[in-house]
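Fold and contact review
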Amino acid sequence: MTLVDRFLKYVSFDTQSDESTGLTPSTPKQMVFAEYLKAELESLGLEDITLDGHGYLFATLPANIDKEVPTIGFIAHMDTSPDMSGKDVTPRIVEKYDGSDIVLCAEENVILSPAQFPELLDHKGEDLIVTDGKTLLGADDKAGIAEIVSAMVYLKEHPEIKHGKIRIGFNPDEEIGEGAHKFDVEKFGCEWGYTMDGGEVGELEFENFNAAAAKVIFKGRNVHPGYAKDKMINSIYLANQFTNLLPAQERPEHTTGYEGFYHLIGIQGEVEQSTVSYIIRDHDRVKFEDRKKEMERLVAQMNEEYGEGTVTLELRDQYYNMREKIEPVMHIIDTAFAAMEAVGVKPNVKPIRGGTDGAQLSFKGLPCPNIFAGGLNFHGRYEFVPVQNMEKAMKVIVKIAELVASK
């Protein structure tokens, strides 16, 4: 099975995660895919294959060298985003893309155009795997899984490439921020790892947002509107007031690079009670803590205006910037950098404006930067992945294994 065949098979599995269930995996269909992968890894002759009840699948490619070499790992996630359906994904390959518009779905006029997505033009002449305009594709992160498995196959078929023990891990629920929660780092047994979960070719990331989730609950007072004067408190208006107190220029649509933000992701409301949900992000830990304090200050300010207990805040940290855990072992970045250059890929080291499982894993004792998997426009119908991107990612995995063993 080729890399492309493997990827096309993987995206046929609906593995959309769901943060509302409270389960791990959050959806049973992820376990269906995990069972398929387990059987595939067994058929390929990998060893120490385990799949636990929470959907964490580990396997080993044994070393083929006598000297002592660090055990390293490659990790990818099985779920797809809750943002759009991953059911009945129907991909097609646009061969030797010519730079023109790609009609994904004629009946709904869904067009993948370089006018809206100029990055398409970086891939003229390449073979693009696209959607039919009705679902996401699932390159995030089934491209990563396909690249890892294909790299293990390549290393088995080319014993002249010497490598140490390699562990691979596939986990559920990354898209809902829980992929690393039940990841058994000790059982995985690596000195360091790499998540294959980045986007464009060359991406190498070891900085990510510090992240928190906030839920703000507004209690109103509902009385008959005909007799509401000086009595009614409409919680919907309170919620609206709160959202306007946060700085408008610190929303995602106005920020880039290292700039953090407050992102309103949900609102539910009636006169009696309303709730707004935010995610808070910043690369700088001090600024991150200040953002949380600002939320607390605004809640206190509104309670002073409307009465204690009118507004309550539920705030929880989600993950932290892995940079502080990677800096003491920067040789793992140097190795990935060298591997990319060796296979003709220009490294592009940049901060992640998001998070990966690697961030949480780094704080659990497994330093784990992120490498490109090759897809673009994740989480929606315009997602695509160039075949050549996936091939380069696979080569980077192979080269990292070789370089670690040669040092």
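Residues numbered from 1 in each chain as written. Predicted model: local features only at pLDDT ≥ 70, side-chain atom pairs only at ≥ 80, totals over all residues. Heavy atoms only, no water.

1. Observations concerning the overall build of the chain
For the chain, the helix and strand inventory stands at 10 helices and 17 strands. In terms of overall size, the chain behaves like a compact globule, its C-alpha atoms giving a radius of gyration of 23 Å where 407 residues would be expected to give roughly 22 Å. With the C-alpha coordinates of the chain rotated into their principal frame, the extents come out at 85 × 50 × 40 Å. Restricting the contact set of the chain to residue pairs at least 6 apart, pairs at least 24 apart contribute 78%. Carbon and sulfur atoms form 49% of the exposed surface of the chain, whose accessible area is close to 17800 Å². (Helix = DSSP H or I, 4+ residues; strand = E, 2+ residues; numbered from the N terminus. Rg over C-alpha atoms; globule rule 2.2 N^0.38 Å. Contact = heavy atoms within 4.5 Å. Areas by Shrake-Rupley, 256 points an atom, 1.4 Å probe, with all protein chains shown as cover.)

2. Remarks on the packing of helix H8 (residues 331-342) against helix H10 (residues 387-406)
Orientation of H8 relative to H10, taken along the N-to-C sense of each, is 120°, at an axis distance of 9 Å. Considered as vectors, H8 and H10 are oriented oblique to each other. Classified by chirality, the crossing of H10 by H8 is right-handed. Judged by residue contacts, Thr335, Ala336, Ala338, Ala339, Met340 and Ala342 of H8 engage Val396, Lys399, Ile400, Leu403 and Val404 from H10. (Axes fitted to C-alpha atoms, helices over the stretch in contact; angles between N-to-C directions. Parallel < 35°, antiparallel > 145°, perpendicular 65-115°, else oblique. Left-handed = near helix turned anticlockwise from the far one by under 90°.)

3. Focus on the sheet that holds strand E11 (residues 210-219)
Spatial ordering of the open sheet is given by E12-E13-E11-E14, a layout of 4 strands whose pairing is antiparallel. Of all strands in the sheet, those bounded by a partner on one side alone are strand E12 (261-269) and strand E14 (311-319). The mean angle between the axes of side-by-side strands here comes to 15°, regardless of whether they run parallel or antiparallel. Here E12 runs beside strand E13 (residues 273-282); their pairing, made up of 8 bridges, is antiparallel. Within E13, the residue paired with tyrosine 262 across the bridge is isoleucine 280. Set on the sheet, helix H5 (residues 235-245) makes contact with E11, E12 and E13; between it and E13 the angle comes to about 15°. Along the sheet, helix H6 (residues 285-306) contacts E11, E12, E13 and E14; its crossing angle with E14, the most-contacted strand, is approximately 170°. (Pairing = 2+ DSSP bridges.)

4. Quick look at the nonpolar core
Core analysis: the biggest nonpolar cluster contains 69 residues, and Phe7, Phe74, Met152, Phe170, Ile371 and Ile400 have the highest contact counts within it. Among the elements that line this core, the one with the most residues is H10, at 12 residues. With 19 residues, the next largest nonpolar core counts Leu238, Tyr262, Val276 and Met295 among its residues. (Core = buried A, V, L, I, M, F, W, Y, C linked by side-chain atoms within 4.5 Å. Buried < 20%, exposed > 50% of the residue type's maximum accessible area, 1.4 Å probe, protein only.)

5. A look at the pairing of E13
Most of E13 is tucked away: 9 of the 10 residues are buried. The pairing of E11 with E13 spans 10 bridges and is antiparallel. Looking across to E13, one finds that isoleucine 217 is bridged to threonine 275. If you look at the hairpin formed by E12 and E13, you'll find 3 residues sitting between the two strands.

6. Concerning the sheet that holds strand E9 (residues 192-198)
Across the sheet, 8 strands lie side by side as E1-E2-E8-E3-E9-E16-E10-E15; this open sheet has mixed pairing. Unpaired on one side and paired on the other, strand E1 (47-51) and strand E15 (348-349) mark the two borders of the sheet. Relative to strand E16 (residues 370-372), E9 is paired through 3 bridges, and the arrangement is parallel. Bridge pairing in E16 places glycine 198 opposite phenylalanine 372. Relative to strand E3 (residues 72-77), helix H3 (residues 139-157) is tilted by about 145°, and along the sheet it contacts strand E2 (57-61), E3, strand E8 (166-171), E9 and E16. Packing of H10 onto the sheet brings it into contact with E3, E8, E9 and E16, and relative to E16 it is tilted by some 135°.

7. What to know about unusual backbone geometry
Of the consecutive residues threonine 24 and proline 25, the connecting peptide bond is found in the cis state with omega at -5°. Omega for the bond connecting aspartate 140 with aspartate 141 falls within 30 degrees of zero, at 15°, which places this linkage in the cis form. Note on placement: aspartate 141 falls in helix H3. Even without glycine at this site, asparagine 109 takes up a positive phi of about 55°. Within the fold, asparagine 109 resides in the loop between strand E5 (102-105) and strand E6 (110-112).

8. As for H10
For H10, built from 20 residues, the straight-helix expectation of 28 Å at 1.5 Å per residue is met to within 8% by its first-to-last C-alpha distance of 29 Å. In terms of residue burial, H10 counts as a mostly covered element, since 14 of its 20 residues are buried. (Expected span 1.5 Å × (residues − 1).)

9. Describing the pairing of E5
Across 3 bridges, the pairing between E5 and E6 is antiparallel. Looking at E6, one finds that cysteine 105 is bridged to valine 110. The loop that links E5 with its antiparallel partner E6 comprises 4 residues; one of these, asparagine 109, has a positive phi angle of about 55°.

10. A short note on the side chain of glutamate 207
In this structure, glutamate 207 sits in the loop between strand E10 (203-205) and E11. The exposure class assigned to glutamate 207 is buried, which follows from its relative accessible area of 8%. The residues touching glutamate 207, leaving out its near neighbours within four places in the chain, are Tyr258, His283, Asn321, Met322, Arg323, Pro351 and Ile352.

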